[in-house]
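Analysis of the macromolecular model
Residues per chain, in single letters:
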Amino acid sequence: QEQLVESEGGLVQAGDSLRLSCAASGRTFSRYAMGWFRQAPGKEREFVAAISWAGGITDYADSVKGRFTISRDNAKNTIYLQMNSLKPEDTAVYYCAASLIFGIRTAYNYWGQGTQGTVSS
């Protein structure tokens, strides 16, 4: 079973960058596809990005494609979300998640506690 802990988020201005990380405590981290989701105030949680077990395949929501990059370091049991050209509408609580299945956005079993990312205009 994976336990996931996101790094502290932050407050940045529009156009700035922010990098989130998520550390997993389980011993089978490399077996899991990993993803990032976010939930803005008053909205449902939405998919942001995902990465396959070895990191060779990635998937992005259209709203972040070209601006966000997901990556992973299996030696460190950690995934990252590099967010560039941030917009106020990117403001949300960001969650990392783990799944044994890559490519199905509803198949995530383990979740972090979430971290706040705020983009001011």
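Relevant structure appears above.
Figured I'd write up the structure that's included with this text. (Residues numbered from 1 in each chain as written. Predicted model: local features only at pLDDT ≥ 70, side-chain atom pairs only at ≥ 80, totals over all residues. Heavy atoms only, no water.)

1. Examining the overall build of the protein
Cut-off, in case you're wondering: Helix and strand assignments follow DSSP, with helices taken as H or I runs no shorter than four residues and strands as E runs no shorter than two, numbered in order from the N terminus. For this measure, only C-alpha atoms enter the radius of gyration; the expected value for a globule follows 2.2 Å times N^0.38, where N is the number of residues. With a 1.4 Å probe rolled over the protein chains alone, any residue whose accessible area is under 20% of its type maximum counts as buried; one over 50% counts as exposed, and the rest are partly exposed. By the convention used here, residues are in contact when the closest approach between their heavy atoms is within 4.5 Å. Computed with a 1.4 Å probe, the accessible areas rest on the Shrake-Rupley method; for each residue, only the protein chains presented here act as cover. Here Asp and Glu are counted as negative and Lys and Arg as positive; His is not counted, and neither are the chain ends. For the purpose of locating charges, the reference atoms are NZ of Lys, CZ of Arg, CG of Asp and CD of Glu.
Helix and strand counts for the protein stand at zero helices and eleven strands. When the helices and strands of the protein are listed from N to C terminus, the series reads β-β-β-β-β-β-β-β-β-β-β. Expected size for 121 residues packed as a compact globule is a radius of gyration near 14 Å; at 13 Å, the protein falls within 12% of this value. Per-residue burial over the protein gives 45% buried out of 121 residues. Long-range contacts, defined here as pairs at least 24 residues apart, represent 57% of the contacts in the protein between residues at least 6 apart. Total accessible area on the protein is roughly 6,300 Å²; 46% of this is exposed by carbon and sulfur atoms. Distance from the positive charge centre (12 side chains) to the negative charge centre (11 side chains) of the protein: 5 Å.

2. Topic: unusual backbone geometry
With a phi close to 55 degrees, Asn77 is a non-glycine residue in the positive phi region. Residues other than glycine seldom take positive phi values, yet Ser85 does so here, at roughly 50 degrees. Along the chain, Ser85 turns up in the loop between strand 8 (78-83) and strand 9 (92-99). The partly exposed category is assigned to Ser85, whose relative accessible area is 41%.

3. Side note on the sheet that holds strand 7 (residues 68-73)
Hydrogen bonds between backbone groups are what pair the strands of a sheet, and the pairing can be parallel or antiparallel. Here is the rule we go by: Between any two strands, pairing holds if DSSP finds at least two bridges. Axes, fitted as lines to C-alpha atoms, cover a helix only where it is in contact. Angles between the N-to-C directions of the axes lie from 0 to 180 degrees.
In space, the four strands of this open sheet follow the order 1-3-8-7, with antiparallel pairing throughout. Strands at the two margins of the open sheet, each flanked by one partner only, are strand 1 (4-6) and strand 7. Neighbour to neighbour, the strand axes of the sheet diverge by 15 degrees on average, direction disregarded. Here strand 7 runs beside strand 8; their pairing, made up of six bridges, is antiparallel. Its bridge partner lying in strand 8, Phe68 is registered against Met83.

4. Regarding the side chain of Ser52
Tracing the sequence through the fold places Ser52 in the loop between strand 5 (46-51) and strand 6 (58-60). Assessed through its relative accessible area of 5%, Ser52 is described here as buried. With sequence-adjacent residues up to four places away left out, Ser52 is seen in contact with Ala33, Ile57, Arg72 and Phe102.

5. Some remarks on the pairing of strand 11 (residues 115-120)
Of the two faces of strand 11, the one holding Thr115, Gly117 and Val119 is buried and the one holding Gln116, Thr118 and Ser120 is not buried anywhere. The sheet contact formed by strand 2 (residues 10-13) and strand 11 spans four bridges and is parallel. Considered in strand 11, the bridge of Gly10 is made with Gly117. By the bridge criterion, three bridges tie strand 9 to strand 11 in an arrangement that is antiparallel. Of the residues in strand 11, the one forming a bridge with Ala92 is Gly117.

Keep in mind that these numbers describe shape and distance, not what the molecule does.
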